[in-house]
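Tertiary structure, described
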Amino acid sequence: MEKGFVGGYVGTILYVDLSTQKVRKEQLDERFARTYIGGKGFGARTLYDILKPRTDPLSPENVIAFMTGPLTGTAASMSGRHCVTFKSPLTGIWCDSGAGGDFGPEMKFAGYDGFVISGASKKPVYLWVDDDEVEIKDGQHLWGMNTHECVKSIRRDLGDEDIRVATIGQAGENLVRYACISYDLYRDQAGRGGGGAVMGSKKLKAVAVRGRGSIEVRDIRKFEEVVRQDLADHFSEAAAKNDPLMTNIILYGTVNGIAIFNEYGLLPTRNFFTGEFEGADKIRGEVFRERVYIAEKAGFGCPVPCAKLSLVRGGPYAGTVHSGPEYESVCMLGSNCGIDNPEAITKASLLCDEYGIDTISAGVVIGFAMECYEKGIISKEDTNGIELFFGNCDAQIEMIRKIALREGIGNLLAEGVKRVSEKLGKGTQDFAIHVKGMELPGYEPRGTLGMALAFATSDRGGCHLRCWPIGEELFGKLDRFSTKDKATTVFRQENMQAMRFTLGTCEYYTQSFHKLLSAATGWDITMEQMLRTGERIYNLTRAFNTREHLNRKDDTLPRRLMEEPMPSGPSKGHYVKPEDLNKMLDEYYAIRGWGNNGIPTRAKLHELGLSDVARDLEREGYVA
Amino acid sequence: MRIIVRPEICTGCRLCELACSMRNEGVFSPSKARIRVLKRFPNIDAPLTCRQCQPAPCADVCPTGAIRKELKGNFWVISSEKCIACGKCVDACPFGAITLDEQTKIATKCDLCKGEPACVDFCLTKAIVLGAPREIAEEKMASLATTMSKSTYELISAISLKERRSLEFW
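Before going further, it helps to spend a moment on the environment of Asn582 of chain A. Secondary-structure assignment places Asn582 of chain A in helix α24 (residues 578-592). With 15 residues separating them in the primary sequence, Asn582 of chain A and Asn597 of chain A have C-alpha atoms 11 Å apart.

Structural data, given as structure tokens:
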């Protein structure tokens with residue numbers, strides 16, 4: 001088949017309908033590529049067009065799209081990422097979940113900018129993409145395997161150890177609402193929002209890819225020049241010396257953050273009860289490096305080895321081999337559950353990867369269950385005799401298993417903290433830590449109002465990857481306890497992040513986007529135009545959520561964070577006052593050009609080239 | 001000069017493969033690269049490429065004399081005019097570092113980018129370096145001496161290094 005637009009892109013998008021078992025390839029249109037760039041942008045437009053509002057996320061009508069960006073698989077620094085987009089079974093709204101590693105680049109070497117998978121198979125299957133050949137293969141023998149067994153089995157069946165595999169574990173099969181997608185052996189996850197459950201509902205156990213082709217860029221010499229400059233300016237030994245953050249990430253991985261955030265009283269502890277963990281020193285980066293890490297690893301095409309290969313050498317969890325755990329996992333499975341044992345956290349994180357569960361959501365759900373247990377809302381009978389106290393690491397490990405297999409109380413906890421608290425009642429909703437149904441990650445918003453606004457407005461619910469104002473609040477010019485300039489910061493960063501997720505680059509990477517994209521595609525792109533694209537995508541995902549009836553009332557935080565002052569630590573006494581949040585939201589909507597109800601205005605959508613979206617919203621009665 | 005690889009510190013990022021195909025083929029394509037990172041769980045990330053042997057088994061068996069030594073640079077280059085794609089060099093190479101290009105069918109292998117290898121520039125970890133055997137040997141001795149003279153605390157890290165190596169044989 002003729003390729004579509006090539007240059008950074010490889011020119012083809014693969015459509016797979018699992019209900020009819022039909023496969024079709026479509027050429028990539030240059031105008032579409034330029035408007036939405038790739039990754040999250042491609043996913044946002046594709047899903048907005050295909051999905052009808054109120055589609056059940058676990059029905060065959062939902063679509064899961066693996067989308068790469070124009071820089072995925074090139075030598076651009078930190079560019080091995082791709083984006084998985086779907087309607088989330090956890091939140092019922094838009095979700096995009098990113099992953100690094102070899103899978104996204106392999107998709108492009110095989111000749112595809114994206115896979116768009118719809119429908120549902122009757123029997124378990126897996127998708128096998130071998131360059132031009134695409135096959136939906138029987139996967140019944142894989143059903144029931146954990147993620148690593150499945151990867152090994154597929155590689156054995158197909159006779160090649162270097163095939164890249166995206167797979168789900170038992171959690172995805174059992175439709176755990178926060179099941180993740182796991183890649184290759186002990187490597188990467190597209191963790192958040194329940195992409196694994198969407199695959200499970202489609203009976204799609206795995207997607208396997210092998211690519212032997214090439215990615216062409218329009219001006220390879222210019223591209224090389226920019227990449228070399230980036231490496232010299234930001235990642236060389238000389239640059240690392242001036243950048244303590246980078247040095248620490250290489251030494252300790254992202255777990256470096258534990259000590260930092262604890263120092264400011266922002267480390268979620270015991271289900272977001274407080275922001276200071278007395279055991280923080282036992283789970284800080286230095287301890288992990290000394291006791292657990294054995295090697296530094298990097299994602300595809302990345303000069304920064306933030307991933308750590310871990311081996312637990314002694315004690316009850318001896319022999320655990322794991323890639324990770326990273327900051328969010330250590331925080332949510334560690335301090336948020338009152339656990340200060342690095343070996344146990346490593347084991348718990350490995351189990352989450354094996355069963356295929358998001359570590360962040362799992363940590364919040366189990367922390368929540370521990371609080372319920374200590375308050376007597378969940379009894380020992382409910383837990384089958386497990387003493388679910390804070391700090392009990394064996395109980396946590398057992399809970400992870402129960403959730404993945406939906407066994408006993410795990411069947412309830414597999415629904416996510418929002419649904420669990422609604423079912424339990426008895427005031428538990430006050431301390432169910434989620435936004436729009438998605439569990440919050442490892443930053444306590446009560447001591448950083450920027451993160452409060454970031455969590456409240458995030459397009460996929462409680463998430464730190466839409467923007468991260470905490471960096472500027474702790475190390476920059478912003479005052480973390482004030483609402484001043486928070487709306488502009490969040491606006492700017494959200495657009496920037498949305499753009500990164502279109503390109504296929506990591507959230508840490510900030511340099512030279514426009515130069516690389518211009519060299520790759522032959523377009524003449526400015527940074528301003530790229531940020532504009534970020535804004536377009538953010539408005540599109542907002543419109544997606546508006547169609548699901550979301551508006552200002554959903555841009556809020558759990559009651560605990562808005563009413564209970566922080567009981568201890570350096571952020572003691574602070575909380576997110578409703579009037580502060582409202583003030584920030586007013587400012588934020590104004591900057592965004594949205595109505596005071598949080599719905600994008602027709603003028604704004606028109607300005608961003610989304611007039612058809614504006615018409616849809618008006619027709620369905622959503623008026624700013 | 002030759003490329004020396006140190007698998008024990010390789011992070012497995014594969015930038016070397018991309019740098020190689022970028023420089024030599026003008027595209028990003030690991031399957032066209034003359035260097036490859038062999039990745040096997042749990043802890044093998046081994047960059048593999050031509051070691052510029054002398055005498056070179058590939059050159060010895062080549063029936064047309066297509067593989068010849070670059071006089072100034074001390075590295076072996078393949079003449080695409082002379083290569084008849086018989087694949088004898090592929091059989092002869094003990095390291096799997098030479099292959100036939102899938103499209104052109106001509107034998108391809110690393111020629112140190114004619115003296116300035118792109119992969120070395122892109123390896124910030126320094127798992128791939130360019131050096132003379134003497135320099136490499138001295139560096140290894142120096143590192144061994146440092147290890148032996150380390151304080152008790154640092155000896156513990158040395159033990160973990162050992163474990164790191166033993167892991168590779170799982």
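Moving on to the packing of helix α12 (residues 327-334) of chain A against helix α14 (residues 359-374) of chain A. Residue and element names in this part refer to chain A. Two elements in contact, α12 and α14, have axes whose closest approach is 8 Å; the angle formed by their N-to-C orientations is 15 degrees. By the criterion of interaxial angle, the relationship of α12 to α14 is roughly parallel. The two elements α12 and α14 meet at a crossing, and its hand is left-handed. Contact residues: Glu328, Ser329, Met332 and Leu333 in α12; Thr359, Ile360, Gly363 and Val364 in α14.

Residue and element names in this part refer to chain A. Burial runs high along helix α21 (residues 513-521): seven of the nine residues are buried. Among the residues making up α21, those that are buried are Phe513, Leu516, Leu517, Ser518, Ala519, Ala520 and Thr521. At its buried positions, α21 is contacted by α7 (220-235), α20 (486-503) and α22 (527-546). Of the residues one or two after α21, Gly522 is the one with positive phi, at around 80 degrees.

Moving on: the pairing of strand β1 (residues 12-17) of chain A. Residues and elements named next belong to chain A. The element β1 is largely enclosed, with a buried count of five among its six residues. Judged from the six bridges that link them, β1 and strand β2 (residues 22-27) form a sheet pairing that is antiparallel. In the strand pairing of β2, Thr12 is matched with Gln27. The hairpin formed by β1 and β2 contains four residues between the paired strands, and Gln21 there has a positive phi angle of roughly 60 degrees. Where β1 meets strand β6 (residues 114-118), five bridges bridge the pair, whose relative direction is parallel. Across the sheet, residue Asp17 finds its bridge partner in β6, namely Ser118.

Confidence in the prediction for chain B averages 85 pLDDT; 86% of positions are at 70 or higher. We note a pTM of 0.94 for the whole complex and an ipTM of 0.93 for its interfaces.

This part is about the interface of chain B and chain A. In this assembly, 35 residues from chain B lie in contact with 42 residues from chain A. Interface area, chain B with chain A, both sides summed: about 3,300 Å², of which 59% is carbon and sulfur. Applying the counting criterion to the chain B and chain A interface returns eight salt bridges. Put simply, Asp162 of chain A and Arg40 of chain B hold a salt bridge, and the shortest N to O gap is 3.0 Å. In this structure, the connection of chain B to chain A is made through 15 residue pairs in polar contact (both at pLDDT 80 or more).

Here is what the cut-offs are and how they apply
Residues numbered from 1 in each chain as written. Chains lettered and ligands numbered in written order. Predicted model: local features only at pLDDT ≥ 70, side-chain atom pairs only at ≥ 80, totals over all residues. Heavy atoms only, no water. Helix = DSSP H or I, 4+ residues; strand = E, 2+ residues; numbered from the N terminus. Axes fitted to C-alpha atoms, helices over the stretch in contact; angles between N-to-C directions. Parallel < 35°, antiparallel > 145°, perpendicular 65-115°, else oblique. Left-handed = near helix turned anticlockwise from the far one by under 90°. Contact = heavy atoms within 4.5 Å. Buried < 20%, exposed > 50% of the residue type's maximum accessible area, 1.4 Å probe, protein only. Pairing = 2+ DSSP bridges. pLDDT = per-residue confidence, 0-100. Buried area = accessible area lost by both parts, 1.4 Å probe. Salt bridge = Lys/Arg side-chain N within 4 Å of Asp/Glu carboxyl O. Polar contact = N/O pair within 3.5 Å; in protein donor to acceptor, adjacent residues only side chain to side chain.

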